[in-house]
Amino acid sequence: MSKTLLRTAAVAAAALALAACAADPATENSSDTGSTQSTPSDGADTSLTDIQDAGVLVVGTEGTYRPFSFHEDGSGDLTGYDVEVVTAVAEELGVDVEFQETQWDAIFAGLAAGRFDVIANQVSITPDREEAYTFSAPYTVSTGVIVVRADDDSITSFEDLDGRTTAQSLTSNWHTLAQESGARIEAIEGWAQAVALVEQSRVDATINDKLTFLDFAQANDASGLKIAAETQEQSLSAFAFAQGSTSLADAVSEALASLAQDGTLAEISEKYFGTDVSS
C-alpha cells in the first residue's frame, strides 16, 4: 500500500470528518438580520468596534451537536465545548454573548445575512472556506484514529489494516480511508455500532476522528478499547466570520491565546474530552 496514497486519504478524511458537511451555504437564502456588524460604504473593517459598541457578540451555533453545542437532557441550558470556549472569548473581549441556534444547512447563510457575528460550531478550516470566510486561530485540533480492542497489538499503523476488517459508515470519509488502506468494510450505521462490533471481536477495527473516541470514553467504559494509530495530518477547527472581519477575528485569536496561556482552554477541553484538544 503506497504511503503517499495513505497520506492523501488521511488528509481528506481528517480535514473533513470533524466538519459538519452540507451543500454550499452561499447558495442558501436568509432574510433574517440582527447582527451587530455592518459594512460601511468605504469598505472599512468595523467588525471589532461594532461588537464593542453593541456590547454583545452574537454567535451562531447548532445547539444539537454534542459535545460541542447542545442542551443537556435535550431541554437544559445550552452548553458544550464550543459554547464554553466562545463564552470565555467574549469575556476576554469584555462583551456579553448571545446565541442564535441555527441548523447547519443554514448557518453560513445566517452569517452572510448578518444574523450573527461568528459561527462557533466546529467549523474545520479548508481551502474553500478560507476563500469565503475569515477565520480565527484554531481552538480544536484532531486527527483520524484507528480504534481496536485493548488486547490487540497486531495493528499499529494504517498499513496494518490491509486485509483486515473495519466497521465503517458507507457515507463517511473514514470509509474512504479504510478502503485506501486495504481494509475489508463491514457497513454500519454509526459509531455506537462500530464500537460494539470491535468489542465483540466481530471486526478488527474502526476508523473515526479522535474527538469521537475521546467523547465516547468520557461517558462510557472504554477500557476494552485503545487507539492503535492516528493520522499525521490534523484537522483544525476555528471560529468563522464574514469575509473581511479581520479586526474581530484577530481580537478573538488574541483572546484564544490568552485563554490558552492561563489554562482555560485546557480546562474546558479536559471537561469534555479528558485531555487538551485545543492545540
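Relevant structure appears above.
About the criteria used
- Residues numbered from 1 in each chain as written.
- Predicted model: local features only at pLDDT ≥ 70, side-chain atom pairs only at ≥ 80, totals over all residues.
- Heavy atoms only, no water.
- Pairing = 2+ DSSP bridges.
- Helix = DSSP H or I, 4+ residues; strand = E, 2+ residues; numbered from the N terminus.
- Axes fitted to C-alpha atoms, helices over the stretch in contact; angles between N-to-C directions.
- Contact = heavy atoms within 4.5 Å.
- Core = buried A, V, L, I, M, F, W, Y, C linked by side-chain atoms within 4.5 Å.
- Buried < 20%, exposed > 50% of the residue type's maximum accessible area, 1.4 Å probe, protein only.
- Patch = residues over 30% accessible without salt bridge, like charges linked within 9 Å, V, L, I, M, F, W, Y side chains within 5 Å.
- Areas by Shrake-Rupley, 256 points an atom, 1.4 Å probe, with all protein chains shown as cover.
- Salt bridge = Lys/Arg side-chain N within 4 Å of Asp/Glu carboxyl O.
- Lys, Arg positive; Asp, Glu negative; His and termini not counted.
- Charge placed at Lys NZ, Arg CZ, Asp CG, Glu CD.
- Arc of directions from axis to C-beta.
- Parallel < 35°, antiparallel > 145°, perpendicular 65-115°, else oblique.
- Nonpolar A, V, L, I, M, F, W, Y, C, P; charged D, E, K, R; others polar.

1. Describing the sheet that holds strand β11 (residues 206-209)
If you walk across this open sheet you meet the three strands as β11-β8-β12, and the pairing is antiparallel. Of all strands in the sheet, those bounded by a partner on one side alone are β11 and β12 (225-230). Neighbour to neighbour, the strand axes of the sheet diverge by 40 degrees on average, direction disregarded. On the sheet, helix α6 (residues 173-180) packs against β8 (144-149) and β11 and is oriented at approximately 135 degrees with respect to β11.

2. A word on the nonpolar core
Among the nonpolar cores identified, the biggest contains 46 residues, and L57, Y81, V85, F239, L256 and F273 are the most heavily contacted of them. For this core, the element with the most residues is helix α9 (residues 246-261), which contributes seven residues. The residues contacting V85, other than those within four sequence positions of it, are Y139, F239, L256, L259, L265 and I268. W174, A183, A205 and A229 belong to the second-largest nonpolar core, a separate cluster that totals 13 residues.

3. Examining a negative patch on the surface
On the surface, E91, E92, D262 and E267 cluster together to form a negatively charged patch. Mapped onto the elements, E91 comes out in helix α3 (residues 81-93).

4. Describing helix α2 (residues 47-54)
When α2 is considered as a whole, its buried residues turn out to be S47, L48, D50 and I51. The buried residues of α2 occupy an angular sector of 160 degrees when the element is viewed end-on, so they sit on one face. Contacts from the buried residues of α2 go to β1 (56-61) and α9. Among the residues trailing α2, G55 stands out with phi positive, at a value near 75 degrees.

5. Describing the packing of helix α8 (residues 210-219) against helix α10 (residues 264-273)
In the contact formed by α8 and α10, the axes pass within 8 Å of each other and the chain directions differ by 70 degrees. When the axes of α8 and α10 are compared, the pair comes out roughly perpendicular. Together, L211, L214, D215 and Q218 of α8 and E270, K271, Y272 and F273 of α10 make up the contact between the two elements. Split into classes, the residues belonging to the contact of α8 with α10 amount to four nonpolar, one polar and three charged.

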